[in-house]
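Coordinate analysis (summary)
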Amino acid sequence: MKKEELKLVSEQIIELKNKNEHFFIMNGRRKTYHILTYGCQMNEHDSEKIAGMLTSIGYEETYDDKNADLVIFNTCLIRENAELKVFGKLGEVKGLKRNKPDMLVAVCGCMMQKKEIREKLLKSFSFVDIIFGTNTIHELPGLIYNVEINNKKSVDIIDNTELIYENMPKNRKFKFKALVNITYGCNNFCTYCVVPYVRGREKSREPIEIINEVKALAQDGCKEITLLGQNVNSYGSNLENKFTFAQLLYELNKIDGIERIRFMTSHPKDLSDDLIKAIKECDKVCNHVHLPVQAGSNDVLRRMNRKYTKEHYLEIVDKLKTAIPDIAITTDIIVGFPGETEEDFLETIDIVKKVQYDSAFTFLYSLREGTKAAVMDNQIPDEVKHERFNKLLDVLYEIVLNKNEQCIGKVFPVLVESLSKTENTLTGRTEHFRLVHFNGSEDLIGKIVNVKITNVKTFHMEGITVD
Ligand code: 5AD
Ligand code: SF4
C-alpha cells in the first residue's frame, strides 16, 4: 500500500501561518473554526484531523458557529435524512454569511465525493468557498490559501486514491479515549450502501503505523482505543506482507497503558475463529462485538449481497457466546429493504429474538442513487416501513431492557467519559458498551472506576461507585 508522510512545511502553509499570526496581533484573538460533523465515527475522526490541520496553521476552535471565521460541514451520505440535514443547515449559514461576508464556508466528507451533489452545491449554494473530499483533508491549508490569498473558490476531490496519508496532525476530542483508523474504504458493495462508491476500495494501514500511533497515544495517557474500519475483519488482506486483524489485536494488547481495545465494524462473513480466539485471549480487548445483521431473511440477505445466511450468522453468534460467555453483541438492522415481505420481516424479528442483542441501531431503508438496490422492484411504501420499524423496536426494547436488568446488583468497571448534562451526574461505559450514569466528582473523568448497578432503563443504567 502506498503511503505518504504529510509534511506541513510548504511555502503556502508558512505564508498562511504568518497571515494568521498577523491577524492575532492586530485583533487580539485567533481566527476561529467550527466543524459540524454528520454521520459515523469515521467522520468524527476525520474532523479531528481537519481540526489538527487548522490548528497547525494558527486557527482556534469555537463552539459558536454563528461567529466562527471558518465553518466546515463534514457531511454524511449514508441515508437521505443525513443529506437533508446538511442542506437545511447550509441554508441557515447562507443567511449568516450575508451579514458576515468574511466568513469562510467549507463542505467536505462523503457527500462531496458524489459529482451530482457537488454540482448541486456549486449551483445552488454558491456562497460555499471550499469543497474537499474524504481523500483530500491534507490539502485543506492549500485550499484556504487559494481563497484567502488568490481569492479563488477551491474545489479539490480525488476519487479512490491509493494513498494513505500518515502523520496527519489530529486534535483529539478526548485524551483518555481515541479513534484509530485501521482500514479506509470498503470492498463489499452491499446493494443498499453508498460507502464503497464514496470512500473507495479498502486500504489497510501498515501494522507498524497503527502500533506506533497506539503507543504514542498510551504515552499521552490514553486508556481506550477504538479501531475503525468499514470491515475491520478483513484488515490486512491487501497488505504486501499479509497481517490479520487477529494478529493486530495481539500486538496492540501488549502496549502498556492501554486498558481497553474496541473495534468497529465487523462484517459477519469475515469473522474468523482466529478472531474469536484473539478476543478471548487478549485481556484488553473488550468483550463486545458490533456485528451488523441487517436482516433475518435469507432472500433479503442475498439481495443485499451480504454473503451470509441467517443460519451462518447464528452459527457465528453461537461460537462467540460459547467461547466468551459474557460477550455483548450489538447490531445494525435495516427495515423495508426493496421486496421485503411480511414473512421476510418476521425472519428479522426471529433472529433478533434468537441472538438477544445487547443493543441495536435500527434504520428505515433509504434509497441511495447509484446503488443496486435503488433500481430494484418493489420499493416498500413509507407507512409499511414505519409500521415494521415500530414493531421491531417493541421487540428490541424488551430484549435490551431485560439484558440490562440482568446487570442489577453487579459491579462493572466503567470508563468515566463526561458529566451528563441533564442530571448532573457522571456518565461512562462498561466494557460491554453499556452506558452508566452515577454520582461522583468531575475529577473521575478519564478514570476507570467500579460501579454497582442499582437501576436500569432501556438506554442506560444507573449505579453507585464501590471500591
Ligand atoms: N438505508 C438504511 N440504512 C443504511 N445503512 C447503510 N446504508 C443504508 C441505507 N441505504 C445502515 C446499515 C449500516 C449502517 C452503518 O447504516 O445498517 O450497517
Ligand atoms: Fe456499506 Fe456493506 Fe461496506 Fe458496510 S460492509 S460500508 S454496509 S458496503
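Not measured: the values here are computed from a predicted model.

What follows deals with the overall build of the protein. Of the regular secondary structure elements, the protein holds 13 helices and 21 strands. A principal-axis box enclosing the C-alpha atoms of the protein has dimensions of 65 × 60 × 50 Å. Put simply, the protein has 467 residues, and 54% of those count as buried. In the protein, the proportion of contacts linking residues at least 24 apart, taken out of those at least 6 apart, comes to 75%. Across the protein, the centroid of the 65 positively charged side chains sits 2 Å from that of the 69 negatively charged ones.

Moving on, we come to the domain arrangement of the protein. Once the domains are mapped, the protein shows domain 1 (3-156), domain 2 (177-405) and domain 3 (411-466). Placing the centre of domain 1 and that of domain 2 at their C-alpha centroids yields a distance of 31 Å. Contact residues are listed per partner, giving 18 residues for domain 1 and 22 residues for domain 2. The largest share of the area that domain 1 buries against domain 2 comes from Q41, M42 and R79, three residues that together contribute 35% of it. Seen at the junction of domain 1 and domain 2, the total is two salt bridges. E83 is paired through a salt bridge with R368; the nearest N and O atoms lie 3.0 Å apart.

The subject of this paragraph is the site of ligand 1. The environment of ligand 1 is made up of I78, R79, Y192, Q294, D332, I334, F363, L364, Y365, S366 and R368. Note that a nitrogen atom of ligand 1 is positioned 3.0 Å from one of the backbone N or O atoms of Y192. Summarising the interface, the protein chains cover 86% of the accessible area of ligand 1, which totals 400 Å² for the free molecule. Going through the elements one at a time, strand 15 (328-335) and strand 16 (359-364) are the ones with two or more residues in the shell around ligand 1.

On inspection of all chains with the given rule, the structure shows nine aromatic pairs. Taking 5.6 Å as the distance between ring centres and 75 degrees as the angle between the ring planes, the aromatic pair formed by F337 and Y365 counts as edge-to-face. Of this pair, F337 sits in the loop between strand 15 and helix 12 (342-355) while Y365 sits in the loop between strand 16 and helix 13 (382-405), and the two are 28 residues apart along the sequence. Accessibility classification places F337 together with Y365 in one group, the buried group. One cation-aromatic arrangement involves R30 over F24; the distance from NZ or CZ to the ring centre is 4.1 Å. Its guanidinium or amino end placed over the ring of F23, K31 lies 5.2 Å from that ring's centre, counting from NZ or CZ.

Reading guide: rules and limits
Residues numbered from 1 in each chain as written. Chains lettered and ligands numbered in written order. Predicted model: local features only at pLDDT ≥ 70, side-chain atom pairs only at ≥ 80, totals over all residues. Heavy atoms only, no water. Helix = DSSP H or I, 4+ residues; strand = E, 2+ residues; numbered from the N terminus. Buried < 20%, exposed > 50% of the residue type's maximum accessible area, 1.4 Å probe, protein only. Contact = heavy atoms within 4.5 Å. Lys, Arg positive; Asp, Glu negative; His and termini not counted. Charge placed at Lys NZ, Arg CZ, Asp CG, Glu CD. Domains from an automatic or database assignment. Buried area = accessible area lost by both parts, 1.4 Å probe. Salt bridge = Lys/Arg side-chain N within 4 Å of Asp/Glu carboxyl O. Near = heavy atom within 4 Å. Polar contact = N/O pair within 3.5 Å; in protein donor to acceptor, adjacent residues only side chain to side chain. Areas by Shrake-Rupley, 256 points an atom, 1.4 Å probe, with all protein chains shown as cover. Phe/Tyr/Trp six-rings, centres within 6.5 Å; stacked < 30°, edge-to-face > 60°. Lys NZ or Arg CZ within 6 Å of the ring centre and 35° of its normal.

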